[in-house]
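# Summary of structural features
Here's the letter readout for the chains.
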Amino acid sequence: MSQSQAGSGQVDAGGARSWRGLLVQPALVLAVFAGYLIWLFNADLSSSESRLLSWSQTQGLFLEHLRDTLIAAVIVVLIAVPLGIALTRGRMRRLSGPVIAVANVGQAAPAIGLIVLLAMWLGFGWPTAVVSLVAYTILPVLRNTMVGLNGVDPKLVEAGRGMGMSALAVLVRVELPLAVPVILAGVRTALVLLVGTATLAAFINGGGLGILIITGINLYLNSLLFSGALLVALLALLVDWLGRVVEHVARPRGL
């Protein structure tokens, strides 16, 4: 067998092992969710608990939670990635420190305090919750975009320019493909943060699975508290897994 064939075989085997590893997390999520459904169908629940944990009610809260998370994630990516690119170009580099400091304020502040303060300013409801989530989770994507682009080997950039590429072509064809794994890692981190923090949207009438948790605490109903916490945790694990799959697929070959 030639060295190229052996190398190809090693890559294929490594890829197969990697994909098998990716299947463990969703299998665990499905197993835990199945166990939760078995418990739910056999639990001795009061009429209030049964109503709040009914399929229609839980589905509505889940969709609200997903709405807040996905809208905030799209806005974060649309703001943080272009801004991160701009802050690694020419004269804009000098602004990277102040911009990172401002972004860090959003994440350094307690999430519940940030949400309540913005609600007092912008009003209650899910749009304010989305604004709060964006402010709280923009830092990982912004920072990873800058780290990924700054980590590209300068020799590759010089080689691209030596081939006659414009600065934009070098960015699109050389720098961004190499920075994609780092950028996607930041997006995955932001998504997991969004899923967890979106539970606080319930405090300002933003909906979501946090309603189950808050109601369970206020009414001393452990079944609601347990259900809300478990469903949020499973959603966070599922989102994290989807992010890992995207990272695996988008990673340039050979990295």
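Residues numbered from 1 in each chain as written. Predicted model: local features only at pLDDT ≥ 70, side-chain atom pairs only at ≥ 80, totals over all residues. Heavy atoms only, no water.

## Points about the layout of surface pockets
One number sums up the size of the largest pocket: a volume of about 450 Å³. For the largest pocket, the lining is made up of 19 residues, of which F33, W55, T58, F62 and L231 are closest to its centre. For the lining of the largest pocket, the secondary structure elements donating two or more residues are α1 (3-42), α3 (55-86) and α10 (222-250). If you tally residues by element for the lining of the largest pocket, the top one is α1, at eight residues. For the lining of the largest pocket, the class distribution of residues is 16 nonpolar, three polar and no charged. (1 Å grid on protein atoms, 1.4 Å probe; cavity = no way out; pocket = protein on both sides within 12 Å on 5 of 7 lines; lining within 4 Å. Points joined across faces, edges and corners; volume = space filled by probe spheres on them. Helix = DSSP H or I, 4+ residues; strand = E, 2+ residues; numbered from the N terminus. Nonpolar A, V, L, I, M, F, W, Y, C, P; charged D, E, K, R; others polar.)

## Quick word on the packing of aromatic side chains
The tally for this structure, following the rule as stated, stands at four aromatic pairs. Seen in terms of ring centroids, W39 and F226 are 5.3 Å apart; in terms of plane orientation they differ by 75 degrees. Their pairing is edge-to-face. You can see W39 sitting in helix α1 and its partner F226 sitting in helix α10, a full 187 residues away along the chain. Given the relative accessible area of 32%, W39 is considered partly exposed. Connected via pairs of aromatic rings, a cluster forms that spans F33, Y36, W39 and F226. (Phe/Tyr/Trp six-rings, centres within 6.5 Å; stacked < 30°, edge-to-face > 60°. Buried < 20%, exposed > 50% of the residue type's maximum accessible area, 1.4 Å probe, protein only.)

## Quick look at unusual backbone geometry
We note that N205 has phi near 60 degrees; this positive angle belongs to a residue other than glycine. Judged by its relative accessible area of 60%, N205 falls in the exposed class. In this structure, Y220 takes a positive phi of about 55 degrees despite not being glycine. For Y220, a relative accessible area of 73% gives the class exposed.

## Topic: helix α5 (residues 111-122)
Along an α-helix, residues three or four apart share an orientation, since each turn contains 3.6 residues. The end-to-end C-alpha distance of α5 is 16 Å, a good match for the 16 Å that 12 residues give at a rise of 1.5 Å each. Restricting attention to buried positions, one finds in α5 the residues A111, L114, I115, L118 and A119. For α5, the angular spread of buried residues about the axis comes to 130 degrees, placing them on one side. The exposed set on the far side of α5, more than 90 degrees from its buried face, consists of L117, M120 and W121. Among the residues trailing α5, G123 stands out with phi positive, at a value near 100 degrees. (Expected span 1.5 Å × (residues − 1). Arc of directions from axis to C-beta.)

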